[in-house]
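# Notes for the structure review
Each chain, letter by letter, is given below.
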Amino acid sequence: MSMNSLGDIWKAVLDKLGENLTSTSISTWFDDCVPVEIDGSTLVLQTSSDFKRDIIVSRFSETIKNAMSEIFSTSFGLTVLTEDELGAYREKKKDDDPLPEMAGYTFDRFIVGNSNRFAHNAAVAVAEKPGGAYNPLFIYGNSGLGKTHLLLAIGQFIRERTPSAKIAYIKGDEFTNQLLKSIKDGTGEEFRMKYRNVDLFLVDDIQFIAGKQATQEEFFHTFNNIYEAGHQIVITSDRPPIEMSLLDDRLMSRFQGGLMADIQPPDIETRMVITRAKAAQLGLILDDDAVKYIADTITTNVRTIEGVINRLTAYREILDSRIDAAAVRRAIKDVARIGTFIPSPQLIIRESARYFSLSEEDLRGQNRSKNTATARQISMYLVRTLTNLPLKDIGAEYGDRNHSTVLSSIRKVEELIKEDPKFAATVRDITSNINSV
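Description of the structure in this document. Position labels on residues start from 1 in each chain and follow its written sequence. Predicted model: local features are reported for residues with pLDDT of at least 70 only, side-chain atom pairs are reported and counted for 80 or more only, and whole-chain, interface and lining totals are derived from all residues. Note that water and hydrogens are dropped before the side-chain values are worked out from all heavy atoms of the structure.

Put simply, a salt bridge is a Lys or Arg side-chain nitrogen that is within 4 Å of an Asp or Glu carboxyl oxygen. Here the structure, examined in full by the defined rule, presents 25 salt bridges. Linking Asp205 and Lys171 is a salt bridge whose minimum nitrogen-to-oxygen distance equals 3.7 Å. Of the two residues, Asp205 is situated in the loop between strand 6 (200-204) and helix 9 (213-228) and Lys171 in strand 5 (residues 167-171); the sequence distance between them amounts to 34 residues. Categorising residues by exposure relies on relative accessible area from a 1.4 Å probe, with only protein chains included: less than 20% of the type maximum marks a residue as buried, more than 50% marks it as exposed, and the intermediate range marks it as partly exposed. Since its relative accessible area comes to 36%, Lys171 is described here as partly exposed. Between Glu189 and Arg192 there is a salt bridge, with the nearest N and O atoms lying 3.6 Å from each other. Of this pair, Glu189 and Arg192 both sit in helix 8 (residues 188-196), three residues apart, which is roughly one turn of the helix. The numbering of helices and of strands both runs from the N terminus, where a helix is a DSSP run of H or I of at least 4 residues and a strand a run of E of at least 2.

Glancing now at the nonpolar core. Counting 28 residues, the largest nonpolar core has Phe107, Leu137, Leu150, Ile154 and Val234 as its most contacted members. For this core, the secondary-structure elements that each account for two or more residues are helix 5 (117-128), strand 4 (137-140), helix 6 (147-161), strand 5, strand 6 and strand 8 (259-262). Definition used in this section: a nonpolar core is a set of buried Ala, Val, Leu, Ile, Met, Phe, Trp, Tyr and Cys residues joined via side-chain atoms within 4.5 Å.

Read across the sheet, three strands follow the order 1-2-3 without closing on themselves; strand pairing throughout is mixed. Of all strands in the sheet, those with a lone pairing partner are strand 1 (34-39) and strand 3 (77-81), marking the two edges. The average undirected angle you get between the axes of adjacent strands in this sheet is 20°. Should DSSP find at least two bridges between two strands, the strands are taken to pair. In the sheet, strand 2 (residues 42-46) pairs with strand 3 via five bridges, with the strands oriented parallel. Looking across to strand 3, one finds that Leu43 is bridged to Leu78. Set on the sheet, helix 1 (residues 6-18) makes contact with strand 1 and strand 2; between it and strand 1 the angle comes to about 110°. Working rule for contacts: check all heavy atoms of both residues, and any pair within 4.5 Å makes them a contact. Between the N-to-C directions of two axes lies an angle of 0 to 180 degrees, each axis being a line fitted to C-alpha atoms and, for a helix, fitted only over the stretch in contact. Strands strand 1, strand 2 and strand 3 of the sheet are contacted by helix 3 (residues 50-72), whose axis makes an angle of about 140° with strand 3.

Here's what the structure looks like:
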């Protein structure tokens, strides 16, 4: 069965309904029923009256949901709206959400497998009983495996159950940026009040604060305030605290005092379920061979699977192309080519500067202070090792420094990495930050 649009999917659902209903019943209740969208794992329909909406929901919703589940191999919900309700529904979706990051991140859309079951169960336990035994909850693992999804699903669950709950979400690097801005603007008290008086504190990518003394100090006090008030803290990172070499000891002990949960890459069965579910969310039907091929080929990263599904959707819509095995192979090749991550010199310079609380201009300019010189040398070393750019081109990134200056900086960093474990850890941390962007 080839389905390339929402209309095709709705026709398949009507065919299923037709197995148990007369054509008169179908035309009576569904002739003016229009599929609006698939929102996550929910089919949204519009019908002409309250009466028809109520009949469809009471008599036919289970059959419709079962038909959708059969088509997509994943469970579906159903929303039926009248024309007036559809307007309100669309307006509500457009409304400014104080935490727009949480949109779409729910527990029922998180695919659970052996690799993430412990982290998922811990997240659900925290959502059901915030501020209880698992505080803080520290979720760690490589990029693209679902840490942020779990973090935001906790927020979504708590907000739905307790709409009055005060929830704050922030990334580690943004905490630094906001702190520096508050110091510059003299708004430190407002900054502190914003984060210290919340019921739920969600912090993504905490690794970005390691080594930043002022940020760690402020975060320590924020953490203590929230924790001592009995409120919940959830943190994600690309590595466990013990591997953050420049993390403040007091913070490390706080993080390790809660529940640590890691997420590993998913196994083949989980990857197949993820592939089907992501396709379903975009209204795309893939046959078993296509699903198996994607799951066999992409083994380490859920986000890459999403990239392939998005690519296939683009093929369907732009090229009106049939999603066959050749299209799947091409999508994987395209995503692999796009996804081969070679950071730009600009990104490396930016992350090196950020780690030392400097600006890119500091590193590119002539400032010779020890801190700036160290950051500059490390960034030159990383540009060379991560991009393999010629020395002359690297020099051009730093105000046309000559290649012998660049070479001596690189050699100095290489020597220090061998001699000084703390320096080597700094270079590792910056590299990890670059790869996490």
